Every structure is written in structure tokens, then in C-alpha cells.
Amino acid sequence: MADNKKQVNVKETAQSAIRESKAKSSQGRQFLLWFGALILGGILGWLGIQPLNEFFNFVATVFTRLFQFIAVPTIALAVITTLAALGNNKDTSRIFSHALFYTLFTTICAAATSLCLYLWISPGNLPMDIINAGQEAVPMQKLGALSYYDHFLSVIPNNVLQPFLTGNVLSVMLISAAVGLALAFMPKTDNREQLLKVINGLQELSFTLIRALLYVLPLGIIAFAGQLSAQIEAGVIVGALGKYTAVVIGGNAIQFFIILPLIMLLRGLNPVKVFRKMAPALAVALFTKSSAGTLPVTLACAEQNLKANPKVSRFVLPICTTINMNGCAAFILVTSLFVMQNAGFELSMTTMITWLFISVIAAVGNAGVPMGCYFLTLSLMSSIGAPIGLLGIILPIYTIIDMIETAENVWSDSAVCAMTDNDLKGKLDDSEIPNTSIL
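Definitions and limits used
- Residues numbered from 1 in each chain as written.
- Predicted model: local features only at pLDDT ≥ 70, side-chain atom pairs only at ≥ 80, totals over all residues.
- Heavy atoms only, no water.
- UniProt positions renumbered as here; feature names shortened; annotations may be inferred.
- Helix = DSSP H or I, 4+ residues; strand = E, 2+ residues; numbered from the N terminus.
- Buried < 20%, exposed > 50% of the residue type's maximum accessible area, 1.4 Å probe, protein only.
- Disulfide = S-S within 2.5 Å.
- Expected span 1.5 Å × (residues − 1).
- Axes fitted to C-alpha atoms, helices over the stretch in contact; angles between N-to-C directions.
- Parallel < 35°, antiparallel > 145°, perpendicular 65-115°, else oblique.
- Left-handed = near helix turned anticlockwise from the far one by under 90°.
- Contact = heavy atoms within 4.5 Å.
- Nonpolar A, V, L, I, M, F, W, Y, C, P; charged D, E, K, R; others polar.

- Under an unreviewed UniProt entry, the name given to the chain is Dicarboxylate/amino acid:cation symporter, and the organism recorded is Megamonas funiformis YIT 11815.
- Quoted straight from UniProt, the Subcellular location (unreviewed entry) entry for the chain says "Membrane".

Focus on the environment of Glu303
(1) Moving on: Take Glu303: it is sitting in helix α13 (residues 291-305).
(2) Moving on: On the basis of relative accessibility, which here comes to 13%, the residue Glu303 falls in the buried class.

Considerations on the state of the cysteines
(1) Moving on: Counted by the stated rule, this structure contains one disulfide.
(2) Moving on: At a sulfur-sulfur separation of 2.1 Å, the disulfide partner of Cys328 is Cys373. Taken as a pair, Cys328 in helix α15 (residues 326-342) and Cys373 in helix α17 (residues 372-383) lie far apart in primary sequence, 45 residues in all. With respect to class, Cys328 is no different from Cys373; both count as buried.
(3) Moving on: With no disulfide of its own, Cys417 lies 7.6 Å from the sulfur of Cys320, the closest cysteine sulfur.

Structural notes on α15
(1) Moving on: For α15, spanning 17 residues, the distance from its first C-alpha to its last is 25 Å, which sits close to the expected 24 Å at 1.5 Å a residue.
(2) Moving on: In terms of burial, α15 is a largely internal element, 17 of the 17 residues being buried.
(3) Moving on: Directly after α15, the chain includes Gly344, whose backbone phi takes a positive value near 90°.

Observations concerning the packing of helix α11 (residues 242-266) against helix α19 (residues 398-423)
(1) Moving on: Taken N-terminus to C-terminus, the directions of α11 and α19 make an angle of 15°; their axes are 10 Å apart at the nearest point. What the angle tells us is that α11 and α19 run roughly parallel. Note that α11 runs across α19; the crossing there is left-handed. Residues Tyr244, Val248, Ile249, Asn252, Gln255, Phe256, Leu260, Pro261, Ile263 and Met264 of α11 touch α19, and the partners they reach there are Ile401, Ile404, Glu405, Ala407, Glu408, Trp411, Ser412, Ala415 and Met419.
(2) Moving on: A breakdown of the residues in the contact of α11 with α19 according to their chemical character gives 14 nonpolar, three polar and two charged.

Shown next, in the form of C-alpha cells:
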């Protein structure tokens, strides 16, 4: 009898090893396929064939819309099902406290790094005639409604459907958290169980759609890479405003390649392995310029490649998508200081440190959508009477800045998820893990 049990255990171990080997092989092929698509798209875009570039623009727009389409329900369902399972369980506070600490810590580090770089490089002022000329490029249709208080008020929904129809990610998160907690504290009746079955069924449906989207994603990567390559070749994306651009991009690069990897190393993680496993999500973030739109891929990479506990990934990543904005905090701080400096505001160390924390708070309140940081900075500057014409000059180069920021935001989300999962490994109740698999 004992021998039979040993044979069964050996057989199960062997099967598990085979499955793991196949999974690793599949991940390797997927990475090579996506990397190859990236190179191919870049070469085709650089050729400058107009019909092909127009086709790339069409395909890239289709994929961006598909990601946006699936992202909002994915966020909502992931938060609802996870909170409904966790409820007032001690695991909830454990996961949330770790995620919140790493989010605030990494965001403050990003802003502080950019501030140090700003002081070191010390961008000069631009001529007033150039700033005034930039006034015409500012999206004035947005300016009439710009108020930072209105931005926070817009998070509070006045009906259930509007946040989902307008893609207001913060409002969707608020509704989802409320529904998830309500389900957790509801009496355990048949009606509650039926409702949970419907919600879990919808989540399985959304994950099926994600699988389909990931299957054809190499086509999207070719189109995204071709689109970007064509823009660079045509001179649409240029390194204007030398020192300012160097501060923004340099600060993001230091946070991406040095600060976040160091933090992960201190927490016992290999940042190179985490990067390799989350690389597909970073590539999608770079091209879509939306951390919310990238969430389906981020979740898939975290659970399939990083092997993160679903309780952690489905709770941490949707939250991080909305509040963990390293790149946004850096952009808001540097741009605000640059605009105020050109307006003649006195930038004492106290003022700069104050704006460091303002930028962190503003970034936390920003939704992970394209150009979200730009309009948030525009809101802040208009509220203090600073000349917003400078933001019109920045607008043409914001495309490349937005891409880099978004990739950094998703890299930070991945780091927070990996560190939280590593900290809580073996400390969570596995019996309550959602049983729906993304891939």
C-alpha cells in the first residue's frame, strides 16, 4: 500500500515537472515571438511606405480600443470577486497595507529622483514670445472645465453606468470596491450565491476574451512598433526643449533601471527575472500609453509568468493601475517647476518639496489613461495662474514622454505586485484563492 502511494506521488511529481517544463518553453516561445514582432514592425515602419503606415495606424487603433474595451470590466470584476472572497479577512489588510506602502514609497522615490535631476541639470527659461506662441497649442476645450477639485469630485459617481461608459477608472474602482465589500458582508443566502456565480461567470468570460486578445497580440505589436518607427522617421517625435526633456526622460530612466530594481533586490527579488516575465505587459504599456488598458496583459503576465498568488495580483494590480503612478508624479513635478520657474515664481527648497508631495498626491488621484498626467498638470498650473502656454510647447513631445511614463508605471505596478506576493508567500489562506485562471 505504501509502495503504491509512493508510486502515485512520483508519478504526480513527474507530471508536474513536465507541465512546468512545457509552460517555461511556451513562455520562451511567446517572448521570442513578441520580440520578433517588435523588430519586424520597427523595420517596416522605418521604410516609410505610406499605405503600410496607414494600415499600421488602423490596426494600432483597433488594438488600443480592444484593450480599453476589456480593461474596464476586467478591473471591475477582479476587484469585486477578490474583495467578495476576502471580505474582512485579515489577508485583505495585509495585502492592501503592503501594496499601499510600496506604492507611496516608489512614487515618492520617483518624484525625489526627478527633483534631484532637475536641480542638477537646471533647465533655463524660454523666451516669453515662444511661451505665448505655445498658448495656441493648448487644448482649450479642456481648459474651461479644469479644476483640481472638480477632478476629485468627478471620481464620485452619481449613477452606476456613467463611469463604465466614460471609462472613468477611479470611479469604476470605487464602485467595484463598494460592491465587493457589500458582497463580503452580505448574509450568506441563496441570492448572494447566485449573484456570485453570475459575477464569476462574467470574469471567466472576460478572461476568455483576454486569451483571444493575447493570441493575436503579435499583430498588434507589429502595428504599434511600425507606427512609432514611422513617427520617429518622419520627425514627429523630436527631442525639443533639451534640458527639460532630459530631466523628464532621465528621471524616468533612473527610476526604471536603477531605483525599482534596487528596491526589489532589497526585498529579495531578482529584478532581471521579474522584468523578463513582465516584459510583454511593459511592451503593451509602451505603445498603448495606458496602464489601465494594459491591465489585462499585466494580470496575465503576473499570474502565468510571475506565478503571483491570484489573491495578490487581482487585488494589487487593479489598485496600482489607478494609484501607482511613478512616471506621472515625476512628470507633474518637473513640468510644474519648469512652468512656475518660467513664470517668475520663487522656487525655494520648501516650495519644491511641497510640490513634490503635491505631485505624489496628484499622481495617486490620476486615472491611468493616455495624457492623463498632461491634463492634470494643466489643471494644477491653471489653478495657480501660471502661464499655460509652455504646456502647448511641451505637447508635441509629450507623445514619447507619455509612452515612457506608462511603461514605468506598469513596471512599478509589476514590482509592487511581485514584492507584495514575495512578502506574503505562505502567509495567505490559499483556500480562498479565486479559482478562475486567466491562461
